[in-house]
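# Secondary and tertiary structure notes
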Amino acid sequence: HHSPTPTHPPSYHCLALIPVVFVCVCVCACVRVHAQFGSDYAAAKVAGHELKGCAGYFNSGVPDLHVPLMCLVDYRGFRLIAMSILPIDSRRTLLYGSNDAGRSVHASDATLNQLMRRSARKLNISGHRVGQHVLYSAADLEGHRGLDGRYYLLDFSRTFPPEVPIKSLRNAHLSRLLRPEFVRPRSRPPQPPAPPRIRETPFPPTSAACS
């Protein structure tokens, strides 16, 4: 039986791995992570965005698109993410998005691409070009065809677009995101943010909508 290795954003540190649940703590305990977010507060906000993004894709109701069970646990100043372990292997099952900060970008499965386009229409998120591919999600959201043949999504923290960045806050575009209820009614779909290494090209205004 294959035990898949879970993937998680760089702001999270693996705390426990038990047969069906992956638990990580959201802190800026290392220099690299502190340089990315600047504070434990920002890292905790990113964890909140992870859950909002997961709920957004779940509530979009697109058939054949699956997300993990996920919850946040706040305890004595620490924020934990607990999520079910998915039947994936990032070396073999990744078909959409990027799991290496944009060094490689995937969009190789026509069925999954279409599912992502449908979910983007539900979420009111614009398509955008990332490298050689057009993605209908944040560039670092991962889409996998699991070992069981189902399509799964991971890494939802940048599902929704950012507010106008505040220069005094480090990488505010990663932690200060628009609420889903604000994004949904807009007539012109906004674009989700990208990790710093990823170069994205927006579509012109006449073709920005997913519909």
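Residues numbered from 1 in each chain as written. Predicted model: local features only at pLDDT ≥ 70, side-chain atom pairs only at ≥ 80, totals over all residues. Heavy atoms only, no water.

## Topic: the sheet that holds strand S3 (residues 65–66)
The sheet built from five strands is open, its strands ordered S3-S11-S10-S6-S7 with mixed pairing. For this open sheet the edge positions go to S3 and strand S7 (106–107), each flanked by a neighbour on one side alone. Relative to strand S11 (residues 151–154), S3 runs parallel, the two being bridged by two bridges. Among the inter-strand pairings, His66 is bridged to a residue of S11, identified as Tyr152. (Pairing = 2+ DSSP bridges. Helix = DSSP H or I, 4+ residues; strand = E, 2+ residues; numbered from the N terminus.)

## Some details on unusual backbone geometry
One non-glycine residue, Arg76, lies in the positive phi region at around 50°. The residue Arg76 is located in the loop between strand S4 (70–75) and strand S5 (78–84) in this model. Phi is positive for Ala101, which is not a glycine, with a value near 60°. Inspection of the secondary structure assignment puts Ala101 in the loop between strand S6 (94–97) and S7. Assessed through its relative accessible area of 24%, Ala101 is described here as partly exposed. (Buried < 20%, exposed > 50% of the residue type's maximum accessible area, 1.4 Å probe, protein only.)

## Some thoughts on helix H3 (residues 110–123)
For H3, which comprises 14 residues, the first-to-last C-alpha distance of 20 Å matches the rise-based estimate of 20 Å (1.5 Å per residue) to within 8%. Turning to H3, its buried residues are Leu112, Leu115, Met116, Ser119, Ala120 and Leu123. One side of H3 holds all its buried residues, which, seen down the axis, span an arc of 140°. Against the buried residues of H3 lie helix H2 (40–59), S3, S6, strand S10 (142–145), S11 and helix H5 (180–183). If you check the start of H3, you find a side-chain oxygen 3.1 Å away from the backbone N of Thr111, and it comes from Asp109. Trailing H3 by a residue or two, Asn124 shows a phi angle of about 65°, which is positive. (Expected span 1.5 Å × (residues − 1). Arc of directions from axis to C-beta. Contact = heavy atoms within 4.5 Å. Polar contact = N/O pair within 3.5 Å; in protein donor to acceptor, adjacent residues only side chain to side chain.)

As far as function goes, none of this settles anything; it's purely spatial.
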